[in-house]
Amino acid sequence: QPHARLRGFVGPVFSPRQMERLRAVARERAHALIDARAGDGTMEILRDFAGDLPLFAMCRFIGIDDADRARIGAFLVGTEEGFTSPMTPARRRRVETAITALNDFVRDLIERRRAEPREDVVGLLVAEQAKPGGPSDEELLSLIVNIVGGSVGSTRAAFANAILELARHPDQARLIRDDSAMIPRAVEECLRYHPPFRFGRRVAKQPVSLFGLEVAQGQSIFIPRQAVNRDSARFEDPDRFDVTRPERRHRSFSFGAHFCLGHAVA
């Protein structure tokens, strides 16, 4: 199907080699951001850390030069307004302006990679296009725009949510500080308990009857990930924040055909 075909093009992009490269970039930047605030002993998480690290790492991963990072950040702030409510006329104008600017920027970036190949995300996808059955120009544009647009806001929110919950639960934070081996499990618990996106939207392809509700073809269904992650049949005492919780897959990265494209990056 078309969806699976398009996802197939990005497999090489999220290879272990690329992830190791990105991990090193993210670690170095994270330490630099923390060191910059060490003298003061305080940090405003969104401004000084969560708002910087995802954008910096994504730009290095995608192949966007540092000089263009601020521009991309401005575009993404505009496009993210498209997921807020209510959608006022003024907000819609800002969203459409930002989306147009982001698409124009990515088109120019693609042309630059065709002229000067690199082993970054854009360069790898441009190389895929040259293969038989590769993505069309519009598919290539859509893939890169979605990778750019889907990586920054979600990661920023995940950082902020995690820090908030650890501040609210100092006993849990102490467990992690005392034993760094707890970090991977704590990350999963933060994602389960307070996911970056609480809802996923689907459109019914045919009439559906679920839970006593009749859903007509073409109607939108909003699936609450937060509710799935607090399912008492799956998680013991699900409303408790517990970094020692036994690992059990949450749904913060969605599931099935729409499982998060960038989960390896996350």
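Structure's up top.
The rules behind these values
- Residues numbered from 1 in each chain as written.
- Predicted model: local features only at pLDDT ≥ 70, side-chain atom pairs only at ≥ 80, totals over all residues.
- Heavy atoms only, no water.
- Helix = DSSP H or I, 4+ residues; strand = E, 2+ residues; numbered from the N terminus.
- Rg over C-alpha atoms; globule rule 2.2 N^0.38 Å.
- Buried < 20%, exposed > 50% of the residue type's maximum accessible area, 1.4 Å probe, protein only.
- Areas by Shrake-Rupley, 256 points an atom, 1.4 Å probe, with all protein chains shown as cover.
- Polar contact = N/O pair within 3.5 Å; in protein donor to acceptor, adjacent residues only side chain to side chain.
- Contact = heavy atoms within 4.5 Å.
- Disulfide = S-S within 2.5 Å.
- Salt bridge = Lys/Arg side-chain N within 4 Å of Asp/Glu carboxyl O.
- Phe/Tyr/Trp six-rings, centres within 6.5 Å; stacked < 30°, edge-to-face > 60°.
- Lys NZ or Arg CZ within 6 Å of the ring centre and 35° of its normal.

Caption draft 1: Structural context of the overall build of the protein. Helix and strand counts for the protein stand at 11 helices and 4 strands. Radius of gyration (C-alpha) of the protein: 20 Å, near the 18 Å computed for a compact globule of 266 residues. Over its C-alpha atoms, taken along the principal directions, the protein stretches across nearly 60 × 55 × 40 Å. Taken across its 266 residues, the protein has 37% of its residues classed as buried. Accessible area of the protein: about 15700 Å², with a carbon and sulfur share of 56%.

Caption draft 2: Summary view of the side chain of D242. Here D242 shows up in the segment after α11 (225–229). Of the polar contacts made by the side chain of D242, one reaches the side chain of R240; its length is 2.8 Å. In contact with D242, other than residues within four places in its own chain, are Q172 and E189.

Caption draft 3: Here's a closer look at the state of the cysteines. Scanning the model with the defined rule gives 0 disulfides in all. Cysteine C59 is unpaired, with the sulfur of C260 as its nearest cysteine sulfur at 18 Å. The thiol of C190 is unpaired, and the distance to the nearest cysteine sulfur, on C260, comes to 17 Å. Look at C190 and you get buried, because its relative accessible area is 9%.

Caption draft 4: Broad picture of the pattern of salt bridges. Enumeration according to the criterion identifies 26 salt bridges in this entry. Here D66 makes a salt bridge to R60, at a shortest N to O gap of 3.2 Å. Looking at D66, the relative accessible area reads 39%, which means it is partly exposed. Here R60 falls in the partly exposed class, since its relative accessible area comes to 34%. A salt bridge links R245 to E189; the shortest N-O distance between them is 3.2 Å.

Caption draft 5: Representation of the packing of aromatic side chains. Inspection of the entire model under this criterion finds 4 aromatic pairs. The cationic tip of R192 hangs over the ring face of F235; the distance from NZ or CZ to the ring centre is 5.1 Å.

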